[in-house]
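This is what each chain is made of:
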Amino acid sequence: MSSVLYDVPGPKAVARNRILGVITILVVLAIIGFLVWRLAATGQFTAQKWSAFTYTNVWASILEATVATLSAFAAAAVGALALGFVLAIGRLSDHAWVRWPFTAVIEVFRAIPVLVFMFLLYYGFPVIGVRMEPYWAVVIALICYNGSVLAEVIRAGVESLPRGQSESGYAIGLRKAGVMRLILLPQAIRAMMPVIIAQLVVTLKDTALGFIITYPELLFYAKYIGAQPSVGSPIIPATIIVGAIYITLCLVLSFVANLVEKRLRRSPRVTAVAAAAQPAQQAGTDTELIVAQRGLGRHDGTSL
Amino acid sequence: MGVIFDNLDVWSEALLGTLVLFFAGGALALVLGIIVGAMRVSPVPIARAVGTLYVSAIRNTPLTLVFFAFVFALPPLLGLRLTGDVSLTLGICALGVYTATYVAEAIRSGVNTVPVGQAEAARALGLGFGQVMSLVVLPQAFRSVIPPMMSVFIALLKNTTVAAGFSIVNLGSVRNYLSERGENAFIVILWVMVVFVALVLLLSWLQRSLENRWRVAR
């Protein structure tokens, strides 16, 4: 591996790296050992603590909670993609009176924490006479936030295309809508696909916020089962199981994002677009970097 | 405005809570993130592997789950009694551990933006490792780390609201307290939103001015 930071190590450096490696392993083992010791000391490995998870009913409820998480995610993802396109096209408009309101909406939605938005929908709206299920509060808040983030991603994708693309579109007689629909958007979406999927992972993670406004998803169920004295209040086993399910779901989606990014990187068309977009950068930039450099990820890529 | 001026005590306590979470969590995230980021670019394969594992595990964990694990699952494990101070400390730890992965990624991608030729040229001039780092690589990496790092902190500021779900006082929990005093929840939450938009705009402005001051000129 060639890096800016170091040469191919010589004999002295190899010895030093081995020592550092051993120290790393020891620190990690110490942390794991401490956790296992505490788990054992507080009796988390006893059969009684895990007895709740021998019942079919409990697993049926866990499945139900997983479906609740996934259904909120699916609705939010579809809605956010749709809203993202609308907002992006609005913000790319040539007319200032269209561009300005869309820009304002995008900026405000991105600045508000998703949880506060959920509070507004779930606790605030009943005051003005609009009552909704926690499901809709979760879905609508996620759509608004992720939609505006995706709008910025799509916009950046369109703006990173070389000018020649739209110019040649106009030259062969297409109108604005045609240039956008047939030439700019397809290329922008291809180039930004990894970022878009990464944002969907963020959406999936954010469904967990529903726990706070009593949407009966996975964490909500973990809290419920963890507070049942009849099965020994297994809060820690419940956290472990629910955590494993959440992380697995997100990892699968992230894996898809990586797969798409690798495929895209091999595709000559997108590489040409990416290279043209960043002439100042060295060759072989990855999309994440483009996003970071363009200041696109302002406060989104890294949200919850 | 009455919502604010009649309840200044709640609002100031909430703002203080948010700022404590933000600064303490941010400091912890910086320390942890720099360690993990250094591990991820280090020549030690095992350290790289541990760093990668940490980052990809936490990045695929919802923040709410991290909070859940720290505030609900950790106290019985360590035999702690859940008082206000303990849950605040645990909340700060949760935010720090979560945000550290993003800090580490910002640092790693910043170091990777420095072209290999820069260090090679420096070595060709006869500079030692310390000089290569301090005079050539790190000053350039620092500049390209600033914008993504500020984004991480803006996200952290917004993430502090999650603590409201775990009975840690911050701007997210203002509604809870003011509902008890019979204030209009809708208006209260709108004011919370205004405060957040203002804080985020402030940080964005800081980001932009820092970016302009330390622009990468290539």
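Right, let's get into the overall build of chain B. The helix and strand inventory of chain B stands at nine helices and zero strands. Ordered by position from N to C terminus, the α and β elements of chain B give α-α-α-α-α-α-α-α-α. Residues classed as buried in chain B amount to 53% of the 218 residues present. Of all intrachain contacts in chain B linking residues separated by at least 6 positions in sequence, the fraction that spans at least 24 positions is 77%. Total accessible area on chain B is roughly 9300 Å²; 69% of this is exposed by carbon and sulfur atoms. Computed over 14 positive and 9 negative side-chain charges, the inter-centroid distance for chain B is 17 Å.

This part takes up the overall build of chain A. The helix and strand tally for chain A stands at twelve helices and zero strands. The N-to-C order of helical and strand elements in chain A reads α-α-α-α-α-α-α-α-α-α-α-α. Long-range contacts, defined here as pairs at least 24 residues apart, represent 74% of the contacts in chain A between residues at least 6 apart.

With that settled, consider the nonpolar core. Counting residues in hydrophobic clusters, the biggest one holds 109 residues, and the most contacted among them are W11(B), F67(B), F166(B) and V174(B). In terms of residue count, helix 5 (residues 84-113) of chain B provides more of this core than any other element does, twelve residues in total. Among all residues touching W11(B), those that are not within four sequence positions of it are V3(B), I4(B), L171(B), V174(B), L178(B), V188(B), W191(B), V192(B) and V195(B). Counting residues in each nonpolar core, the second largest holds 14 residues, with L92(A), A151(A), V179(A) and L185(A) among its members.

Moving on, we get to the pattern of salt bridges. Residues and elements named next belong to chain A. Enumeration over the complete set of coordinates arrives at ten salt bridges over all chains. In this structure, R91 engages E152 in a salt bridge whose closest nitrogen and oxygen atoms are separated by 2.6 Å. Pair noted here: R91 is in helix 3 (residues 56-91) and E152 is in helix 6 (residues 134-159), with a separation of 61 residues, a long-range link. Note on R91: relative accessible area 15%, which makes it buried. With its nearest N and O atoms 3.2 Å apart, the salt bridge here joins R155 to E152. Highlighted residues: R155 and E152, both in helix 6, separated by three residues, approximately one helical turn. The pair formed by R155 and E152 is uniform in burial state, with each residue classed as buried. Salt bridges sharing common partners tie together R91, E107, R110, E152, R155 and E159.

Right, let's talk about the packing of helix 5 (residues 114-124) of chain A against helix 9 (residues 185-213) of chain B for a bit. It is the contact of helix 5 of chain A with helix 9 of chain B, at a shortest axis distance of 9 Å, that shows an interaxial angle of 170°. If you check the angle between helix 5 of chain A and helix 9 of chain B, you find them roughly antiparallel. Across the interface between the two elements, V116(A), F117(A), F119(A), L120(A), Y123(A) and G124(A) from helix 5 of chain A touch A185(B), F186(B), I189(B), L190(B), V192(B), M193(B) and F196(B) from helix 9 of chain B. For the contact of helix 5 of chain A with helix 9 of chain B, the class distribution of residues is twelve nonpolar, one polar and no charged.

Rules used in this analysis
Residues numbered from 1 in each chain as written. Chains lettered and ligands numbered in written order. Predicted model: local features only at pLDDT ≥ 70, side-chain atom pairs only at ≥ 80, totals over all residues. Heavy atoms only, no water. Helix = DSSP H or I, 4+ residues; strand = E, 2+ residues; numbered from the N terminus. Buried < 20%, exposed > 50% of the residue type's maximum accessible area, 1.4 Å probe, protein only. Contact = heavy atoms within 4.5 Å. Areas by Shrake-Rupley, 256 points an atom, 1.4 Å probe, with all protein chains shown as cover. Lys, Arg positive; Asp, Glu negative; His and termini not counted. Charge placed at Lys NZ, Arg CZ, Asp CG, Glu CD. Core = buried A, V, L, I, M, F, W, Y, C linked by side-chain atoms within 4.5 Å. Salt bridge = Lys/Arg side-chain N within 4 Å of Asp/Glu carboxyl O. Axes fitted to C-alpha atoms, helices over the stretch in contact; angles between N-to-C directions. Parallel < 35°, antiparallel > 145°, perpendicular 65-115°, else oblique. Nonpolar A, V, L, I, M, F, W, Y, C, P; charged D, E, K, R; others polar.

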